[in-house]
Amino acid sequence: MATDIKDAAHAVEAAAVMRLLPARPRLLALGEPTHGEDTLLDLRNELFRQLVEQEGYRTIAIESDCMMGLVVDDYVTSGTGTLDEVMEHGFSHGWGTAAVNRELVRWMRAHNDSRPTSERLRFAGFDGPLEITGAASPRQALTALHGYLAARVDADLLPCTGETLDRLLGADDRWTNPAAMMDPTQSMGQSAEASRLRLLADDLVALLDAQTPHLITATSPDNWDRARLYGRTATGLLRYHYWMADTSPARMTRLCALRDLMMAHNLLAIAARGPALIHAHNSHLQREKSTMQMWQGPVEWWSAGALVSAQLGEEYAFLATALGTIRHQGVDTPPPDTVEGLLYELPEDRCVIDAPRLATALGDTRPAPRVSPWFGYSPLDPAHLAASDGIVFVKDVPQS
């Protein structure tokens, strides 16, 4: 058994990862079992550099607000703004404060300097404008989509004026009320104004689609692609707000599923541009159903990775990251009868494992699931082994 595992382990390098896969995937998803550890972000940055230099990858997409990510993309592709401004306004979930993310953005900008457009690296956030505590107002996405169309199509074709949108949207803090996550009656997602906005957003997206041949030539494929992002985000947010106002037992299941659906739609749009490295929590990228214990009980839903994998097949590949220790969070040496415990015996500090081969070596006697003493770390599920293309194992995660 030990020999089988040793034979399945390789250095974490682009070439070794590609050897695990039948072909170069359009989306290579690298998951992480916890957030905020520089060791894992450093590993991601190094793998992305190798994928760029050796495999022709041009995009990195991370679990961050897709609208804010446009600020980073503008900077790395054309130098718009300053690095400080981009780190402050281009990331959600606190990612902008991470020095390792700053280094990624700096490197991408330097790489793009003096390169032709076709060779430039791109950055994307692929999460919706959502936090676990609530969702953004649809104002930014809706008004950006309306503005794009108003400047380029006959006014008679628009379903409403910008003033009408502004009146229906009202104050943004009505949408972002933090009390709405715990109390559906505090949400305005099923108000008359929100219902009208859902119909208008649908009409604006239909107009964008119907005018595609004109819009792609009148502006550029990139600007049209951005307008489609505005449309996806506006309709996704209005749908999310609608279900935030729901009082049924399925409410949180729906909200978790809708967040990952927004992620999946963004990932499919990114895949259409060419090969990309995707980085997010394992639970958003795995092919199996995701589960989470919430205040009203357990919820389960199909992750963005499961949704995208169903459509892309072998053009989607998933590497789950597993860890040995995070001692500063109380996660000590893994028990020897867990997957992490078996991998901890390997001599390497970090390695990539052929997951299907490991599953075969283990046979029907699957290791016990590891139990984490810390809520912020999700151990590997032994039952999911064969559904991953590889496992990136990091032995010890020191304090950042």
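Residues numbered from 1 in each chain as written. Predicted model: local features only at pLDDT ≥ 70, side-chain atom pairs only at ≥ 80, totals over all residues. Heavy atoms only, no water.

The name an unreviewed UniProt entry assigns to the chain is Erythromycin esterase, from the organism Streptomyces jeddahensis.

## Description of the overall build of the chain
Helix and strand counts for the chain come out as 17 helices and 12 strands. The globule rule puts the C-alpha radius of gyration for 400 residues at 21 Å, and the 22 Å found for the chain is close to it. By principal-axis analysis of the C-alpha atoms, the chain measures approximately 70 × 55 × 35 Å. In the chain, which comprises 400 residues, the proportion classed as buried is 53%. (Helix = DSSP H or I, 4+ residues; strand = E, 2+ residues; numbered from the N terminus. Rg over C-alpha atoms; globule rule 2.2 N^0.38 Å. Buried < 20%, exposed > 50% of the residue type's maximum accessible area, 1.4 Å probe, protein only.)

## Focus: the environment of Arg-370
Residue placement: Arg-370 occurs in the loop between helix 17 (355-362) and strand 12 (390-396). Counting along the chain gives 351 residues from Arg-370 to Arg-19, while the straight-line C-alpha distance between them is 29 Å. Among all residues touching Arg-370, those that are not within four sequence positions of it are Leu-323, Gly-324, Val-331, Asp-332, Thr-333, Pro-334, Pro-335, Thr-338, Glu-340, Tyr-377 and Pro-379. In terms of polar contacts, Arg-370 uses its side chain to reach the backbone carbonyl oxygen of Gly-324, at 2.7 Å. (Contact = heavy atoms within 4.5 Å. Polar contact = N/O pair within 3.5 Å; in protein donor to acceptor, adjacent residues only side chain to side chain.)

## What to know about the packing of helix 7 (residues 139-150) against helix 10 (residues 192-210)
In contact at an axis separation of 11 Å, helix 7 and helix 10 are set at 40 degrees when each is read in the N-to-C sense. Accordingly, the angle class assigned to the pair helix 7 and helix 10 is oblique. Of the two possible hands of crossing, helix 7 and helix 10 adopt the one that is left-handed. Mapping the contact onto sequence places Leu-142, Leu-145, His-146, Tyr-148 and Leu-149 in helix 7 and Leu-197, Ala-201, Leu-204, Val-205, Leu-207 and Leu-208 in helix 10. (Axes fitted to C-alpha atoms, helices over the stretch in contact; angles between N-to-C directions. Parallel < 35°, antiparallel > 145°, perpendicular 65-115°, else oblique. Left-handed = near helix turned anticlockwise from the far one by under 90°.)

## What to know about the layout of surface pockets
In this structure, the largest pocket spans a volume of roughly 1,300 Å³. Along the walls of the largest pocket sit 45 residues, with His-281, Ser-283, Thr-291, Met-292 and Ser-378 positioned nearest its centre. Where the lining of the largest pocket is concerned, the elements lending two or more residues are helix 13 (251-273), helix 14 (282-285), strand 8 (289-294) and strand 10 (316-325). The element contributing the most residues to the lining of the largest pocket is strand 8, with 6 residues. For the lining of the largest pocket, the per-class residue count stands at 21 nonpolar, 17 polar and 7 charged. For the second largest pocket, the calculated volume is near 640 Å³. Lining the second largest pocket we find 28 residues, and of these Asp-73, Arg-122, Asp-222, Asp-225 and Arg-273 sit closest to its centre. (1 Å grid on protein atoms, 1.4 Å probe; cavity = no way out; pocket = protein on both sides within 12 Å on 5 of 7 lines; lining within 4 Å. Points joined across faces, edges and corners; volume = space filled by probe spheres on them. Nonpolar A, V, L, I, M, F, W, Y, C, P; charged D, E, K, R; others polar.)

## With respect to the pairing of strand 7 (residues 276-281)
Where burial is concerned, most of strand 7 is hidden: 6 out of the 6 residues are buried. Relative to strand 7, strand 2 (residues 27-32) is paired through 6 bridges, and the arrangement is parallel. The residue bridging Leu-30 from the neighbouring strand is His-279, located in strand 7. Two elements, strand 3 (residues 59-65) and strand 7, share 4 bridges in a ladder whose sense is parallel. Paired with Ile-60 across the two strands is Leu-277, which belongs to strand 7. (Pairing = 2+ DSSP bridges.)

## Quick notes on the pairing of strand 12
Most of strand 12 sits out of view: 6 of its 7 residues are buried. Two elements, strand 11 (residues 350-354) and strand 12, share 5 bridges in a ladder whose sense is antiparallel. Looking at the pairing, Ile-353 lines up with Ile-391 of strand 12.

## Some words on the packing of helix 7 against helix 8 (residues 162-169)
The N-to-C vectors of helix 7 and helix 8 enclose an angle of 170 degrees; their axes lie 10 Å apart at closest approach. When the axis of helix 7 is compared with that of helix 8, the two are roughly antiparallel. On the side of helix 7, the interface is formed by Arg-139, Leu-142, Thr-143 and His-146, while helix 8 contributes Gly-162, Leu-165, Asp-166 and Leu-169. In terms of residue class, the contact of helix 7 with helix 8 is built from 3 nonpolar, 3 polar and 2 charged.

## Observations regarding the nonpolar core
Counting 47 residues, the largest nonpolar core has Leu-28, Phe-48, Val-105, Met-108 and Phe-123 as the members making the most contacts within it. Ranked by residue count, the leading element in this core is helix 3 (residues 38-55), at 7 residues. Among residues more than four places away in sequence, those in contact with Val-105 are Val-72, Tyr-75, Val-76, Leu-83, Val-86, Met-87 and Phe-91. Ranked by size, the runner-up nonpolar core spans 38 residues in total, among them Ala-29, Phe-126, Met-263 and Ala-304. (Core = buried A, V, L, I, M, F, W, Y, C linked by side-chain atoms within 4.5 Å.)

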